[in-house]
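# A look at the structure
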Amino acid sequence: MEYLTLAETYQRIEATSKRLEMADILVELFKVVPAGEIEKVVLLTQGKLAPDFKGIELGIAEKLALKAIYEATRVNEPEIQQMWLRDGDLGNVAFEAVSRKKQTSLFTESLSVDMVFANLEQIAGSSGPGSQDMKLKLLAKMMHDSSPVEAKYIARTLAGKLRLGIADMTLIDALALTYSTKENRDKVEQAYNTCSDLARVASLLAEKGIEGLDEIKLEVGIPLRAMLAERLPGIPDILEKLGGKCAFEYKYDGLRIQAHITKTSVQLYTRQLEDVTSQFPDLVKMLASAFKAKEAVLEGECVPIDTNTGEMLPFQTVSRRRGRKYELTSAVNEFPVMLYLFDCLYKDGKDYTQTPYTNRRKKLKTCIKETDRVKLAEVLITDSPEEAEEFFQKVIGKGGEGIMAKSLADDSFYRAGSRGWNWIKFKRDYKSEMNDTVDLVVVGAFSGKGRRAGGYGALLMATYNPEEGKFETVTKLGTGFDDAILAALPELLEPHLSQGMHRLVNSKMQADFWFEPAMVMEVKGAEITLSPIHTCAWDMVRNGSGLAIRFPRYTGKIRQDKPPEEATTTAEMLSLYEMQLK
Ligand code: AMP
């Protein structure tokens, strides 16, 4: 098939913004595509060379592309440069330059879809010495053989910027209409949601018709599209929507991971189905050692943690791990992570997506032996709004984002790729930003681990409540210490060591060491939240909750000028919380 047919179709598609019209144009195109070529046509139309999870990136240095355009057209270089500066779209530059092409040789070959695809693959896949030359030659040759409109779309595809504005759903409509009927559209979509590869779906349809799609099965190593949640504003609404009773799970704030595990391999995909296996070698190892089945596809949330306090860190910390190709070892140590698993989609040869939630949770349990770093998501099954509210408070207090309610109905299936009422998320803003520093009193400490072994890993910090005459815990501080202060802390605190919790301290948390309230340290926090474990302002904002500072960091200042009674008071914390909530 000639590439020109594709390029001309793209031009027509670009001229419309109507989904139905786009689908009609695509149907017209698909009808003339030979079955053996539909795979490539669909990929090219998506501006890709492979489905996303294969991780093949398009993109070319603009300098190289401009040079190739020059070599192919001999339009003078400064002029090409000018076009580029004016427009910033390689496709338009290629179009204009090829339109003004000076005849460079008598022989031009017409471009086939196969040829363009193979050349693009070669250009995208080559690196190292000599690759620039090879890319230049291949691209110049294609530009030389192109008509202006072909040159435009080849250049855009290569730049990774085809952007025809065709949604996957429109392609699905068009495939159903071409190879089957409108009524079978959902079956086509379902096949796509299972294999995440529209080109494969198209090729099966073209070769075998709608029945061909029965071949598409959930397989280990091929990610399926993630199920998404709806949202409701209150717990009673959620319970009502889910038939009066449901499972409430902790909603962790991290990176969604779909893990494909066998006895010998682990592959990790994000919600966008990006393969991140190589970025999380620690997660791969942790999963391999916690895994008890032969093979499975599991889903969970990867969250960054502070190994000294055991607390979860802001989600952004985990994003610092993403995209790192070098210094991976230091990234693994600097930003340790945990995985909370919440679903099992496949286990030992069986697809469980079409079974209810409770069954999938059961299967999940049989796949995993929990470890320090791999756990199952916390869950509460209840019909009581009060219990659910309490669970929600607990989650918020521990730094969770909210809760995820999951239907227990017989048809509470895992619906790949779709947003539905089987999962309902509930978040409420109880967090307030914190811009000020506070002066907190050291009342306890926790033993260090790893690099901090033998010393203190984190300190238990408190505010002062003058009405009660007590020091009330408000956070666990483990960040912001340099080596010097870590080494100095045992000596600084030794004179204040106390046998058991000091009588002036009010703590629900069990520390490894206790101190008489004496040393005051300056701390900067990121936000204040409700907490079921810290005693600062207990019962004052909400019954059964205190206040906690999240993501505290030691500023480097020990307030030797301040006696503990002059530390930040509980009332001050309360007003900080309330002020910033507004
Ligand atoms: P949102 O991104 O706000 O639409 O919420 C959905 C996301 O919450 C999912 O994509 C997961 O990454 C994440 N999540 C955290 N905990 C859970 C859980 N227990 N069940 C399902 N999704 C969860």
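Residues numbered from 1 in each chain as written. Predicted model: local features only at pLDDT ≥ 70, side-chain atom pairs only at ≥ 80, totals over all residues. Heavy atoms only, no water.

## Concerning the state of the cysteines
To keep things clear, this is the line we draw: Any cysteine sulfur atom paired with another within 2.5 Å is treated as part of a disulfide. The buried label goes to any residue with under 20% of its type's maximum accessible area, the exposed label to any with over 50%, and the partly exposed label to all in between, with areas taken from a 1.4 Å probe on protein chains only.
Following the criterion strictly, the structure yields zero disulfides and no others. Of the cysteine sulfurs around C195, a residue in no disulfide, the closest is that of C344, at 20 Å. With no disulfide of its own, C302 has C367 as its nearest cysteine by sulfur position, at a separation of 19 Å. With relative accessibility at 0%, the residue C302 sits in the buried group.

## Thoughts on the domain arrangement of the protein chain
The parts lose accessible area when they come together, and the size of an interface is often stated as this lost area. Counted only if it meets this: Domain boundaries shown here were taken from an automatic or database domain assignment.
Here the domain parsing of the protein chain yields domain 1 (48-159), domain 2 (228-426) and domain 3 (432-579). Between domain 1 and domain 3, the C-alpha centre-to-centre distance is 61 Å.

## Points about helix α9 (residues 148-158)
Keep this limit in mind: Think of it this way: any DSSP run of H or I at least four residues long counts as a helix, any run of E at least two long counts as a strand, and we number them from the N terminus. For this analysis, residues touch if any pair of their heavy atoms sits within 4.5 Å.
The element α9 is largely enclosed, with a buried count of 10 among its 11 residues. The elements touched by buried residues of α9 are α1 (3-14), α3 (38-46), α6 (90-99), α7 (113-125) and α8 (131-145). Downstream of α9 by a residue or two, G160 has a phi angle that is positive, lying close to 75 degrees.

## Describing the pairing of strand β15 (residues 470-477)
Quick note on the threshold: Any two strands with at least two DSSP bridges between them are considered paired.
Taken across its eight residues, β15 has seven buried, putting it largely inside the fold. Both strand β14 (residues 456-465) and β15 contribute to a ladder of seven bridges, which runs antiparallel. The residue of β15 that forms the bridge with Y464 is F471. As defined by bridge partners, β15 adjoins strand β17 (residues 505-506) across two bridges and the pair is classed as parallel. From the neighbouring strand, F471 faces β17, where its bridge partner is V505.

## Things to note about the sheet that holds strand β9 (residues 379-382)
Put simply, the rule is: In this analysis, axes come from line fits to C-alpha atoms, helices being fitted only over the stretch in contact, and the angle between any two N-to-C directions falls in the range 0 to 180 degrees.
With mixed pairing, five strands are arranged side by side in an open sheet as β1-β11-β10-β2-β9. At either margin of the open sheet sits one strand with a lone partner, and together these are β1 (228-231) and β9. If you compare each strand with its neighbour and ignore which way they point, the axes differ by 35 degrees on average. Note that strand β10 (residues 402-406) and strand β11 (residues 419-426) share four bridges and pair antiparallel. When the sheet's bridge partners are listed, I403 is paired in β11 with F426.

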